[in-house]
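# Summary of structural features
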Amino acid sequence: MFYPWPSAWPSARYPSSNLALTAGAGIAIAAAGLSTAQSLIVLVIFVILASTTVATPVLANLVLGEKATPMLNSWKAWLIHNNATVMMVLCLVFGFVLLGKGLGALIGS
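Residues numbered from 1 in each chain as written. Predicted model: local features only at pLDDT ≥ 70, side-chain atom pairs only at ≥ 80, totals over all residues. Heavy atoms only, no water.

## Some words on the packing of helix α4 (residues 52-64) against helix α5 (residues 68-81)
So the rule is basically this: Axis definition: a line fitted to C-alpha atoms, limited for helices to the stretch in contact. Angles are taken between N-to-C directions and run from 0 to 180 degrees. Helix numbers and strand numbers start at the N terminus; a helix is a DSSP run of H or I with at least 4 residues, a strand a run of E with at least 2. When describing relative orientation, an angle under 35 degrees is termed roughly parallel and one over 145 degrees roughly antiparallel, while 65 to 115 degrees is termed roughly perpendicular and anything else oblique. Take the far helix as the reference: if the near one is turned anticlockwise from it by less than a right angle, the crossing is left-handed, and if turned clockwise, right-handed. Residue contacts are counted whenever heavy atoms from the two residues lie within 4.5 Å of one another. Gly counts as polar in this scheme, as do all residues outside two lists: the nonpolar Ala, Val, Leu, Ile, Met, Phe, Trp, Tyr, Cys and Pro, and the charged Asp, Glu, Lys and Arg.
Here α4 crosses α5 at 160°, and the two axes come no closer than 9 Å. Relative to α5, α4 is oriented roughly antiparallel. In the packing of α4 onto α5, the handedness of the crossing is left-handed. Seen from α4, the contacting residues are T56, P57, A60, N61 and L64; seen from α5, they are A68, M71, L72 and W75. Counted by class, the contact of α4 with α5 contains seven nonpolar, two polar and no charged residues.

The structure is reproduced here in structure tokens:
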């Protein structure tokens, strides 16, 4: 049986970053000035995208059964081996997004 926790996914080790990113997404959605229906659509899209890191291995395990174990174990090994690189790339992307938003707010003022 394949058990992806506690160290399979980088986000499993950093729950506070998940909370911060989710709170940031909620604030961005609320501040966008969308109607209730538009906000709900954006929220549903965010939840679907955010849950793919959990849903993908679960669905693979449900659909493929024991055939999924080698594939999921290889994913787990890759993520464990490349955890620092994955986190660095994520932090760089989020950093550039925040920098761009900040510069845009400064220049646009």
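## Some words on helix α6 (residues 83-108)
In an α-helix, one turn spans 3.6 residues, which is why side chains three or four residues apart end up on the same side. What counts is decided by this rule: Given the number of residues in a helix, its expected span is that number minus one, multiplied by 1.5 Å. Residue exposure (1.4 Å probe, protein chains only): buried if accessible area is under 20% of the type maximum, exposed if over 50%, otherwise partly exposed.
Taking 1.5 Å per residue as the helical rise, α6 with its 26 residues ought to reach 38 Å, and the 37 Å between its terminal C-alpha atoms agrees with that figure. Among the residues of α6, those classed as buried are N83, V86 and M87.

## Here's the deal with the confidence of the model for the protein chain
Note the cut-off: pLDDT gives the predictor's per-residue confidence on a scale running from 0 to 100.
Predicted confidence across the protein chain gives a mean pLDDT of 84, with 83% of residues reaching 70 or more. Within the protein chain, the element-level pLDDT minimum falls on helix α1 (residues 10-13), averaging 53, and the maximum on α5, averaging 93.

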